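# Fold and contact review
Listed below, chain by chain, are the residues.
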Amino acid sequence: MSRILVPCHVKGTVALQVGDVRTSQGRPGVLVIDVTFPSVAPFELQEITFKNYYTAFLSIRVRQHTSAHTPAKWVTCLRDYCLMPDPHSEEGAQEYVSLFKHQMLCDMARVLELRLILRQPSPLWLSFTVEELQIYQQGPKSPSMTFPKWLSHPVPCEQPALLCEGLPDPSRVSSEVQQMWALTEMIRASHTSTRIGRFDVDGCYDLNLLSYT
């Protein structure tokens, strides 16, 4: 299915402080990033892609258009999606991530605005965020192709025309050839193999014939 990149405006991150803000022990454990679409009408979100940077968990809220008389409302569409299996290790800390609409908890139609809520409970990382954020909407559907009737419903294979039409039946020809071969063998078997002498007449030699040789 095709997709189209949606132009968006990513606002600056807003940090929610964890711990005592008056001491050095306090640090931002949650970041909020708002994404607006000022030049795009309400659209159906297809995919979100980004590169993680040490964010352990991600939640997303979406503001959707309802009707002209009802104000748009915020709905949670993704809750605590794990980006780092262990927040205290490097695994998944800088991976590219793709999130699709079928992974969301609600319908992603008529989107007006997104809010990304990033969370990192580990004190090991000085900063965390998401980079290269891109939003995609569903592209136009490919037009259905119509095929001619002869291609959609192929005709069963026809029997090929007999190329040897008018020739005798091969089985009959084979039978006659075998009969001829048997007859030939019989003639050869009955043919005498006795050698007739040149001057032999009834087992005797004629002296007159011998005198002229």
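Higher on the page you've got the structure.
These numbers come from a predicted model, not from an experiment.

## Digging into the overall build of the protein
In terms of regular secondary structure, the protein is built from three helices and twelve strands. Considering the protein as a whole, with its 213 residues, one finds that 27% of them fall into the buried category. Counting only contacts in the protein whose residues sit at least 6 apart along the sequence, the fraction spanning at least 24 positions is 75%. Only carbon and sulfur atoms are counted for the fraction: they give 57% of the accessible area of the protein, which is about 15800 Å².

## What to know about the nonpolar core
Ile 48, Phe 50, Leu 58, Ile 60, Leu 99, Leu 114 and Leu 116 are the most contacted members of the largest nonpolar core, which totals 33 residues. Within the residue set of this core, elements represented by two or more residues are β4 (27-36), β5 (45-53), β6 (57-64), β7 (73-82), β8 (96-100), β9 (111-119) and β10 (129-138). Ignoring anything within four residues of it in the chain, the contact list for Phe 50 reads Leu 58, Leu 83, Glu 95, Tyr 96, Val 97, Leu 99, Val 130, Glu 131, Glu 132 and Leu 133.

## Some points on unusual backbone geometry
Residue Asp 80 is not a glycine yet carries a positive backbone phi of 50°. The phi dihedral of Arg 110 falls on the positive side, at around 60°, and the residue is not glycine. Given a relative accessible area of 40%, Arg 110 falls into the partly exposed group.

## Focus on the packing of aromatic side chains
Using the criterion set out here, one finds three aromatic pairs in the structure. A centroid spacing of 4.8 Å and a plane angle of 40° characterise the contact between Tyr 54 and Trp 125, whose relative ring orientation is tilted. Of this pair, Tyr 54 sits in the loop between β5 and β6 while Trp 125 sits in the loop between β9 and β10, placing them 71 residues apart in sequence. A residue is classified by how much of its surface remains accessible, and Tyr 54, at 10% relative accessible area, is buried. Among the aromatic residues, ring-to-ring pairing joins Tyr 53, Tyr 54 and Trp 125 into one connected group. Positioned above the aromatic ring of Tyr 136 is the side chain of Arg 3, whose terminal nitrogen or guanidinium carbon lies 3.9 Å from the ring centre.

## A closer look at the sheet that holds strand β1 (residues 3-6)
Here we have four strands laid out as an open sheet, ordered β1-β10-β5-β8, and antiparallel in their pairing. The outermost strands of the open sheet, each flanked by one partner alone, are β1 and β8. Geometrically, the sheet is characterised by an average inter-axis angle of 30° between neighbouring strands, direction not taken into account. Where β1 and β10 come together, four bridges link them in antiparallel fashion. Among the inter-strand pairings, Val 6 is bridged to a residue of β10, identified as Ile 135.

## Examining helix α2 (residues 170-190)
Over its 21 residues, α2 runs 31 Å from end to end, which matches the ideal 30 Å to within 8%, given 1.5 Å per residue. For α2, the tally of buried residues reaches only zero of 21 residues, placing the bulk of the element at the surface.

## Some words on the side chain of Thr 55
Mapped onto the secondary structure, Thr 55 falls in the loop between β5 and β6. Thr 55 has contacts with Leu 83, Met 84, Leu 118, Arg 119, Gln 120, Phe 128, Thr 129 and Val 130, leaving out every residue within four places of it along the chain.

## Things to note about the pattern of salt bridges
Scanning the entire structure with this criterion turns up five salt bridges. Here Arg 3 makes a salt bridge to Glu 47, at a shortest N to O gap of 2.5 Å. Highlighted residues: Arg 3 in strand β1 and Glu 47 in strand β5, separated in sequence by 44 residues. Using a relative accessible area of 7% as the deciding quantity, one classes Glu 47 as buried. Among the ionic pairs, Asp 34 bridges to Arg 115, the shortest N-O distance being 2.7 Å. Taken together, the residues span a long stretch of sequence, with Asp 34 in strand β4 and Arg 115 in strand β9 at a distance of 81 residues. On the accessibility criterion, Asp 34 (14% relative accessible area) is buried. Overall, the relative accessible area of 26% leaves Arg 115 in the partly exposed class.

Conventions we followed
Residues numbered from 1 in each chain as written. Predicted model: local features only at pLDDT ≥ 70, side-chain atom pairs only at ≥ 80, totals over all residues. Heavy atoms only, no water. Helix = DSSP H or I, 4+ residues; strand = E, 2+ residues; numbered from the N terminus. Buried < 20%, exposed > 50% of the residue type's maximum accessible area, 1.4 Å probe, protein only. Contact = heavy atoms within 4.5 Å. Areas by Shrake-Rupley, 256 points an atom, 1.4 Å probe, with all protein chains shown as cover. Core = buried A, V, L, I, M, F, W, Y, C linked by side-chain atoms within 4.5 Å. Phe/Tyr/Trp six-rings, centres within 6.5 Å; stacked < 30°, edge-to-face > 60°. Lys NZ or Arg CZ within 6 Å of the ring centre and 35° of its normal. Pairing = 2+ DSSP bridges. Axes fitted to C-alpha atoms, helices over the stretch in contact; angles between N-to-C directions. Expected span 1.5 Å × (residues − 1). Salt bridge = Lys/Arg side-chain N within 4 Å of Asp/Glu carboxyl O.

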